[in-house]
Amino acid sequence: MYDLRVGNTVAPEIAIECVGAVDDLRTETWNIGPAQGPLSLNLSSDWYVVLKPQARVKEIRRRLEGVLSLCEAAAINGFTPVDWSLKYHNPHIFEALDALQIESIARYSESGTGEVRLGMTGTGGAVDTQGRAVPGWIEEFLRAPRQKDVIAKLERSGGVQRHVFVGVSFMGVPWPVESYLGTRTDHLPETSPALPLPVDAVWIMYGARGLHWDGINWRFFDAIVPAA
């Protein structure tokens with residue numbers, strides 16, 4: 001059964017299926033890692049550590065203090081990516097950081113308190129203020145195998161119009177799409193999405209503002225929050 005309808009149950013005017021755009025791995029890592037706030041470790045400096053989405057946070061919490069102590073002893077300062085250069089100059093430190101799926105480290109206060117802030121890759125970059133990435137993304141999203149059930153429910157709905165409501169989570173979509181949806185721009189996407197049949201329209205919601213394709217035009221809409 002689809003999620004929402006406008007009209008009767010047999011042949012609704014609009015049948016709506018709701019689905020979330022969620023990167024499960026990235027969301028889990030974020031929630032148990034960076035979202036928990038900074039770590040307080042027995043270190044002489046303050047650090048910023050960027051994790052890869054597949055990082056095992058429990059293992060990082062157990063081993064990070066020892067690895068960063070090695071970094072302090074090796075006088076590693078400033079921003080340091082875990083790359084070929086680190087591997088060449090400090091192979092044992094590279095191996096330890098790489099095993100923890102750490103993308104980069106930054107010693108931002110040499111005389112600090114042992115505060116270690118965690119971040120994650122893929123949460124920044126150039127902002128798509130024109131919405132160019134949205135049409136291609138929603139096409140790909142709805143045609144993905146994991147949305148097969150969404151399409152099947154709408155095919156069986158009997159609805160005159162068949163819509164998909166997509167709730168976008170933080171880090172649940174590629175950065176260009178998230179950057180556009182999170183920017184209060186007045187510029188609408190200029191291209192039409194090629195939606196899979198039988199989808200007639202899409203509603204894309206991110207935070208309190210959304211983007212709607214009605215089959216002809218794009219437009220913005222705002223969430224209505226009930227008064228307390």
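A brief structural summary. Within any chain, residue numbers begin from 1 and follow the written order of that chain's sequence. With pLDDT at 70 or above as the cut-off, local features in this predicted model cover only qualifying residues; side-chain atom pairs require 80 or more to be listed or tallied, and sums for whole chains, interfaces and linings still use all residues. Water and hydrogen atoms were dropped before computing side-chain values, which therefore reflect all heavy atoms in the structure.

### Describing the overall build of the protein
Piece 1. The secondary structure content of the protein amounts to seven helices and eleven strands.
Piece 2. Based on C-alpha atoms, the radius of gyration is set beside the globule rule, defined as 2.2 Å times the residue count to the power 0.38. The C-alpha radius of gyration computed for the protein amounts to 23 Å, which surpasses the reference 17 Å derived for 228 residues by more than 25%, pointing to a less compact arrangement than a globule.
Piece 3. Counting only C-alpha atoms and orienting by the principal axes, one finds that the protein spans roughly 70 × 45 × 35 Å.
Piece 4. Exposure categories follow from relative accessible area, calculated using a 1.4 Å probe and restricted to protein chains: below 20% of the type maximum is buried, above 50% is exposed, and the middle band is partly exposed. Among the 228 residues that make up the protein, the fraction classed as buried is 43%.
Piece 5. Contacts are assigned to residue pairs that have any heavy atoms within 4.5 Å of one another. Considering only intrachain contacts with a sequence separation of at least 6, the fraction spanning at least 24 residues in the protein is 73%.
Piece 6. Only four residue types enter the tally: Lys and Arg on the positive side, Asp and Glu on the negative side; His and the chain ends are excluded. Taken as the charge centre is NZ of Lys, CZ of Arg, CG of Asp or CD of Glu, depending on the residue. Taken together, the 21 basic and 27 acidic charged side chains of the protein have centroids lying 4 Å from each other. Strands are runs of DSSP state E lasting at least two residues, helices are runs of H or I lasting at least four, and both sets are numbered from the N terminus onward.

### With respect to the sheet that holds strand β11 (residues 218–222)
Piece 1. Spatial strand order, β1-β2-β8-β9-β10-β11: six strands in an open sheet with mixed pairing. Unpaired on one side and paired on the other, β1 (4–6) and β11 mark the two borders of the sheet. Direction aside, neighbouring strands of the sheet carry axes that sit 25 degrees apart on average.
Piece 2. Strand pairing is assigned whenever DSSP identifies at least 2 bridges connecting the two strands. In this sheet, strand β9 (residues 201–206) lies alongside strand β8 (residues 161–168) in parallel orientation, the contact comprising five bridges. Opposite Val164, over in β9, you have Val202 as the bridge partner.
Piece 3. Working convention: axes come from line fits to C-alpha atoms, limited for helices to the stretch in contact. Angles between N-to-C directions cover 0 to 180 degrees. Most of the contacts of helix α6 (residues 148–157) go to strand β2 (residues 14–21), to which it runs at about 175 degrees, and overall it touches β2 and β8.

### Description of the environment of Pro196
Piece 1. Tracing the backbone through its elements, the reader meets Pro196 in the loop between α7 (175–181) and β9.
Piece 2. Overall, the relative accessible area of 9% leaves Pro196 in the buried class.
Piece 3. Considered as a pair, Pro196 and Arg143 are 53 residues apart in the sequence and their alpha carbons are 6.5 Å apart.
Piece 4. Contact partners of Pro196, with chain neighbours within four places excluded, come to Leu142, Arg143 and Ile151.

### Describing helix α1 (residues 24–32)
Piece 1. Listed in full, the buried residues belonging to α1 are Arg26, Thr27 and Thr29. End-on view of α1: buried residues confined to an arc of 165 degrees, all on one side of the axis.
Piece 2. On its buried side, α1 packs onto α2 (57–73) and β7 (115–120). Here the arc refers to the set of directions running from the helix axis out to each C-beta atom.

### Observations regarding unusual backbone geometry
Piece 1. In this model, Leu197 is joined to Pro198 through a cis peptide bond whose omega is 5 degrees.
Piece 2. Assignment of secondary structure puts Pro198 in the loop between α7 and β9.
Piece 3. Within the chain, Ala75 stands out as a residue other than glycine whose phi angle is a positive 60 degrees.
Piece 4. By secondary structure assignment, the location of Ala75 is in the loop between α2 and β5 (78–81).
Piece 5. A positive phi angle, close to 60 degrees, is found at Gln101, a residue other than glycine.

### With respect to the side chain of Arg26
Piece 1. In this fold, Arg26 is placed in helix α1.
Piece 2. For Arg26, the residues in contact, after removing those within four places along its chain, are Pro53, Met120, Thr121, Gly122 and Met171.

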